[in-house]
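What the coordinates show
Listed below are the residues making up each chain.
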Amino acid sequence: MNITPFQALACPLDGGPLQRQGASWRCGAGHCFDIAAQGYANLLPVQQKRSRDPGDSKEMVAARRRYLNAGFYQSIAALVSRAVLADLPAGRAAACLDAGCGEGYYLRELAAAAGAGQRLALLGLDISKWAVLSAAKQDRRPNWVVGSNAKLPVLPATLDRVLCMFGFPVYAEFARVLRPGGELLQVDAGPDHLRELREIIYPTLKPERAAEPSTPAGFCALPDEGLRYTVTLERAELIGDLLAMTPHLYRASAEGRAKAAALTALSLTVDVRLTRFRREA
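Residues numbered from 1 in each chain as written. Predicted model: local features only at pLDDT ≥ 70, side-chain atom pairs only at ≥ 80, totals over all residues. Heavy atoms only, no water.

Take helix H1 (residues 58-69) next. Because an α-helix completes one turn every 3.6 residues, residues spaced three or four positions apart along the sequence face the same direction. Here H1 is twelve residues long and its end C-alpha atoms lie 16 Å apart, about the 16 Å a rise of 1.5 Å per residue gives. Of the positions making up H1, those classed as buried are Met60, Val61, Ala62, Ala63, Arg64, Tyr67 and Leu68. At its buried positions, H1 is contacted by helix H3 (105-113), helix H4 (129-138), strand S11 (219-233), helix H7 (236-244) and helix H8 (248-251). (Helix = DSSP H or I, 4+ residues; strand = E, 2+ residues; numbered from the N terminus. Expected span 1.5 Å × (residues − 1). Buried < 20%, exposed > 50% of the residue type's maximum accessible area, 1.4 Å probe, protein only. Contact = heavy atoms within 4.5 Å.)

Given below as structure tokens:
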């Protein structure tokens, strides 16, 4: 099998290596983390939580699953998969983390894009237990964990690729867990991303500030790439799912949300940028 679970996990309490023992992960100090029946582990200690149920809600995760599985962002997934699979290390499985994996769409697409001779050890991490549960139910091959980008439960210098898809990058942590020569692939919204929806739900749009991304400490910049295309949502349910899976659901006023709820079709611009950084020795 060319897709296997990433195993080099670290105890979120003391940073020591975790070993799989039956239906749990244990470290040398005796800390134990059970593996759920669905195959994921919760490596987010209560002292690292900022709320009782952090991250996306069950409803947001379900909306994201329906929207992404409908294929509207498949071109984004293809762009990222090509970048991940280029120049992989030879002779072993390449280790890849999706930091903020949501319900696992981009790792599933990456696994599907891998060639017959390409081996991947995959880890999906999200702070939302509902997202990780959904990911684990859809594909049992990767390792899925509940955790935080602020303190990744991953041993140092064990990853070849880190994905950060519309997420919250913690560059010091990404640098810690990447091997020298490993790559960080970051996808962010461009200035026109979902502009048509934003024009409907907000009274005015804030002017976009064009700023070149700075290179994080410990990395060197690689060529970036933009992607822009149009999609058409032909059902009110899909428009509702898109709004529910984005921060715009909470940022929009009640009037703006009502305008979106009245729509039965919407053409949208997808505008994203893939930024890549290589971990320096």
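Anyway, onward from the coordinates.
Attention shifts here to the nonpolar core. Nonpolar side chains tend to gather and get buried jointly when the protein is soluble and globular. One finds Tyr67, Tyr73, Ile76, Leu120, Leu233 and Leu242 to be the most contacted residues of the largest nonpolar core, which totals 56 residues. Sequence-distant contacts of Tyr67, defined by excluding residues within four places in its chain, comprise Phe72, Tyr73, Val231, Leu233, Leu238, Asp241, Leu242 and Met245. Counting residues in each nonpolar core, the second largest holds 29 residues, with Ala41, Val162, Val177 and Leu178 among its members. (Core = buried A, V, L, I, M, F, W, Y, C linked by side-chain atoms within 4.5 Å.)

Taken together, the three strands give an open sheet; going across it, the order is S2-S3-S4, and neighbouring strands pair in antiparallel fashion. Edge strands, defined here as strands with exactly one partner in the open sheet, are strand S2 (18-21) and strand S4 (32-34). Going from strand to strand, the sheet's axes swing by 25° on average, the running direction of each strand aside. Pairing of S2 with strand S3 (residues 24-27) involves four bridges; the strand directions are antiparallel. Residue pairing for S3: Leu18 is matched across the bridge by Cys27. (Pairing = 2+ DSSP bridges. Axes fitted to C-alpha atoms, helices over the stretch in contact; angles between N-to-C directions.)

Taken as a whole and assessed by the stated rule, the structure comprises six aromatic pairs. Seen in terms of ring centroids, Tyr171 and Phe277 are 6.5 Å apart; in terms of plane orientation they differ by 80°. Their pairing is edge-to-face. Here Tyr171, found in helix H5 (residues 171-177), pairs with Phe277, found in strand S12 (residues 266-279); they are 106 residues apart in sequence, far enough to count as distant. Since its relative accessible area comes to 3%, Phe277 is described here as buried. An aromatic cluster is present here, built from Tyr67, Phe72, Tyr73 and Phe166 joined pairwise through their rings. (Phe/Tyr/Trp six-rings, centres within 6.5 Å; stacked < 30°, edge-to-face > 60°.)

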